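# Structure assessment
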Amino acid sequence: MPTRVQPCQISYEKFSDTHSELIKSFQNQESDLVAFLCEDAFENQKRGVSVTYLFFIEENGARNLAGYITLLSDSIEIRQNKCLQTAFESKSIGYKTLPALKIGRIATDTRFQRRGIATAMVKFAISIALDTSVIVGCRFLIVDAKEAAEDFYLKNGFRLLKEDCLKPKQLYLDLFIN
Ligand SMILES: CC(C)(COP(=O)(O)OP(=O)(O)OC[C@H]1O[C@@H](n2cnc3c(N)ncnc32)[C@H](O)[C@@H]1OP(=O)(O)O)[C@@H](O)C(=O)NCCC(=O)NCCS
């Protein structure tokens, strides 16, 4: 069983051009997530499309790149989920869509998986979403989940937006309930 990392061992930095060499060492079983980090993340950030944060683990005197998370603005269609629709309508909130922060990409380096890094990255995303909600309104954290990562999200408090077999599945976390 891999050792869990302590919060004091984890740090993060917003992705910048100073990281261009460092990210070449990143490994993950999903090649599209490695390619995104190396080829698209910085360009997307410069164009205001998404922002990527790199997460590091400090141990044995070394600071290693352990994961990354990419965030962007989005919204969800409330009518896709009857429970949500009913809950908002009962409060006289009848908008078709509500604002959300989306996890566009999330990946932990294969050498650091099952140690709590992605859980720490989700907690970070929740704190950004809550900060955002104070400034411009943001009700949910959402993600289009790869099948292999669904259990990870469910364990972290996300719920299925719609019970269907569409892939990827849209999951949401209500920031004002949890
Ligand atoms: C999904 C992913 C980001 C999880 O990263 P991680 O840092 O290993 O996650 P954590 O250590 O915080 O996991 C917390 C819990 O989530 C669950 N979990 C994590 N990875 C899981 C997996 N692959 N399958 C099932 N459950 C998983 C476990 O219950 C785990 O707790 P445990 O280790 O005590 O059993 C990582 O496996 C990954 O990079 N996968 C490939 C990329 C990917 O699918 N990204 C998501 C795109 S939507």
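Summary of the structure given here.

Quick notes on the rules
In every chain, residue numbers begin from 1 and rise along the written sequence. The model is predicted, so local features are restricted to residues of pLDDT at least 70 and side-chain atom pairs to those at 80 or more, both for listing and for counting; the totals for chains, interfaces and linings are taken over all residues. Working from all heavy atoms in the structure, the side-chain values ignore hydrogens and water. Two strands qualify as a pair provided that DSSP identifies no fewer than 2 bridges between them. Working definition: helices are DSSP H or I runs of at least four residues, strands are E runs of at least two. Numbering for both runs from the N terminus. Contacts are residue-level and defined by heavy atoms, with any inter-residue pair within 4.5 Å sufficient. Note on definitions: angles span 0 to 180 degrees between N-to-C directions of axes, and those axes are lines fitted to C-alpha atoms, for helices only across the stretch in contact. Partly exposed residues are those whose accessible area sits between 20% and 50% of the maximum for their type, while under 20% is buried and over 50% is exposed, using a 1.4 Å probe and protein chains only.

## Side note on the pairing of strand S3 (residues 62–77)
One face of the sheet, then the other: side chains in a regular strand alternate in exactly this way. Relative to S3, strand S2 (residues 51–59) runs antiparallel, the two sharing nine bridges. Bridge pairing links Thr52 to Thr70 in S3. Connecting the antiparallel pair S2 and S3 is a turn made up of two residues, with Asn60 showing a positive phi of about 50°. Pairing of S3 with strand S4 (residues 97–108) involves eleven bridges; the strand directions are antiparallel. By the bridge assignment for S4, Leu72 is matched with Lys102.

## Here's the deal with the sheet that holds S2
Strand pairing in a sheet relies on backbone hydrogen bonds. The paired strands run either parallel or antiparallel. The sheet built from seven strands is open, its strands ordered S1-S2-S3-S4-S5-S7-S6 with mixed pairing. Each of the sheet's edge strands pairs with one partner strand only, and the pair in question is strand S1 (10–14) and strand S6 (159–160). Set on the sheet, helix H1 (residues 31–46) makes contact with S1, S2, S3 and S4; between it and S2 the angle comes to about 125°.

## Quick word on unusual backbone geometry
Residue Ser92 is not a glycine yet carries a positive backbone phi of 60°. In this structure, Ser92 sits in the loop between helix H2 (82–89) and S4. Given the relative accessible area of 69%, Ser92 is considered exposed. Here the phi dihedral of Arg114 falls at roughly 60°; this positive angle occurs in a residue that is not glycine. Relative to the assigned elements, Arg114 resides in the loop between S4 and helix H3 (117–135). A residue is classified by how much of its surface remains accessible, and Arg114, at 69% relative accessible area, is exposed.

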